[in-house]
Each structure stands twice: as structure tokens, then as C-alpha cells.
Amino acid sequence: MSISIPALLILIVIAAVCGAIGKALAGSSRGGLIVSIALGFIGTLLGPWVAGMLKLPEPFMITIGGHPFPILWSIIGAALFVAVIHLISRRR
């Protein structure tokens, strides 16, 4: 599995945007660009998994360098991840 440098940079930018939107939806303002990128990629793993468990389709999927990136589920997955982190961290 290989990906070109321009495609990787585009995926990182898209992940940052998805992570920032997910962070905003969950009500978090902490963290910067690196946190948003990480949340975007975590959302890319978590969101489609949740959608698969609920048997929901992916309405907005883009392909960059031959690799699919689920935009909507990345945002939802990032928001869910931030919400869970907030729930865990506030109970302590």
C-alpha cells in the first residue's frame, strides 16, 4: 500500500478539517492543528465502524490517491470520540 506525498498532504488537511468540525460539534475548544488531525483520523476509524454496526451507508465518501475517506462519518466519529473523552475526564 503506497500513497503519494501530495495525496497524503491532502488527506491530512481533510482529516484536520473533519477533526476540527467534530471537535466543534462536541463543544471542545482545546487543542490545535495536531489534535484536529489526530481526531480526524480517529474519527475515520471510529465513524465507519459505528455506521457498520448500525448498517448505515456512507453518503459522502471521497477518494484521494486511491484511498477512500469517509467525510461524514469522520466528523461524526471525531465528535463521538471527543464526547466520550469529555465524559471520562469530567468524572475524575
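This section reports on the structure supplied with the text.

Cut-off values and rules
Residues numbered from 1 in each chain as written. Predicted model: local features only at pLDDT ≥ 70, side-chain atom pairs only at ≥ 80, totals over all residues. Heavy atoms only, no water. Helix = DSSP H or I, 4+ residues; strand = E, 2+ residues; numbered from the N terminus. Rg over C-alpha atoms; globule rule 2.2 N^0.38 Å. Buried < 20%, exposed > 50% of the residue type's maximum accessible area, 1.4 Å probe, protein only. Contact = heavy atoms within 4.5 Å. Areas by Shrake-Rupley, 256 points an atom, 1.4 Å probe, with all protein chains shown as cover. Axes fitted to C-alpha atoms, helices over the stretch in contact; angles between N-to-C directions. Parallel < 35°, antiparallel > 145°, perpendicular 65-115°, else oblique. Nonpolar A, V, L, I, M, F, W, Y, C, P; charged D, E, K, R; others polar. Phe/Tyr/Trp six-rings, centres within 6.5 Å; stacked < 30°, edge-to-face > 60°. Core = buried A, V, L, I, M, F, W, Y, C linked by side-chain atoms within 4.5 Å.

The subject of this paragraph is the overall build of the protein chain. Per the secondary structure count, the protein chain includes 3 helices and 2 strands. When the helices and strands of the protein chain are placed in sequence order, the string is α-α-β-β-α. In terms of overall size, the protein chain behaves like a compact globule, its C-alpha atoms giving a radius of gyration of 13 Å where 92 residues would be expected to give roughly 12 Å. Along the first, second and third principal axes, the C-alpha set of the protein chain runs to 45 × 30 × 20 Å. Sorting the 92 residues of the protein chain into buried and exposed places 33% on the buried side. Sequence-distant contacts in the protein chain: of pairs separated by 6 or more residues, those separated by 24 or more amount to 62%. If you sum the accessible surface of the protein chain, you get close to 6,000 Å²; carbon and sulfur atoms cover 74% of it.

Within the element layout of this structure, methionine 61 appears in strand 1 (residues 61-64). On the accessibility criterion, methionine 61 (41% relative accessible area) is partly exposed. Along the primary structure methionine 61 and isoleucine 71 are separated by 10 residues, whereas in three dimensions their C-alpha atoms are 5.9 Å apart. Not counting chain neighbours up to four residues away, the residues in contact with methionine 61 comprise Pro68, Phe69 and Pro70.

At a minimum axis distance of 6 Å, the contact between helix 1 (residues 5-26) and helix 2 (residues 33-53) shows a crossing angle of 95°. Classed by the angle they form, the pair helix 1 and helix 2 counts as roughly perpendicular. Facing helix 1, whose interface residues are Leu11, Ile12, Ala15, Ala16, Gly19, Ala20 and Lys23, helix 2 presents Leu33, Val35, Ser36, Ile37, Leu39, Gly40 and Phe41. For the contact of helix 1 with helix 2, the class distribution of residues is 10 nonpolar, 3 polar and 1 charged.

On to the packing of aromatic side chains. Counted by the stated rule, this structure contains 1 aromatic pair. Between phenylalanine 41 and phenylalanine 69, the ring centres sit 6.4 Å apart and the planes meet at 80°, which makes this aromatic pair edge-to-face. Separated by 28 residues along the polypeptide, phenylalanine 41 in helix 2 and phenylalanine 69 in strand 2 (residues 67-70) bring together distant segments of the chain. On the basis of relative accessibility, which here comes to 33%, the residue phenylalanine 41 falls in the partly exposed class. Judged by relative accessible area, which is 3%, phenylalanine 69 ranks as buried.

Tracing the backbone shows serine 74 in helix 3 (residues 71-90). Residue serine 74 is classed as buried on the basis of its relative accessible area of 0%. With near-sequence residues (within four places) excluded, serine 74 lies in contact with Cys18, Gly40, Gly43, Thr44 and Phe69.

Right, let's talk about the nonpolar core for a bit. Nonpolar side chains in soluble globular proteins tend to end up buried together. Listed in full, the 9 residues of the largest apolar core are Ala7, Leu11, Ile14, Ala15, Cys18, Ile64, Phe69, Ile71 and Ile75. At the level of secondary structure, the elements contributing two or more residues to this core comprise helix 1 and helix 3. Here the element with the most residues in this core is helix 1; it accounts for 5 residues. When residues no more than four places from it in sequence are discounted, the contact partners of alanine 7 are Ile64 and Gly65.

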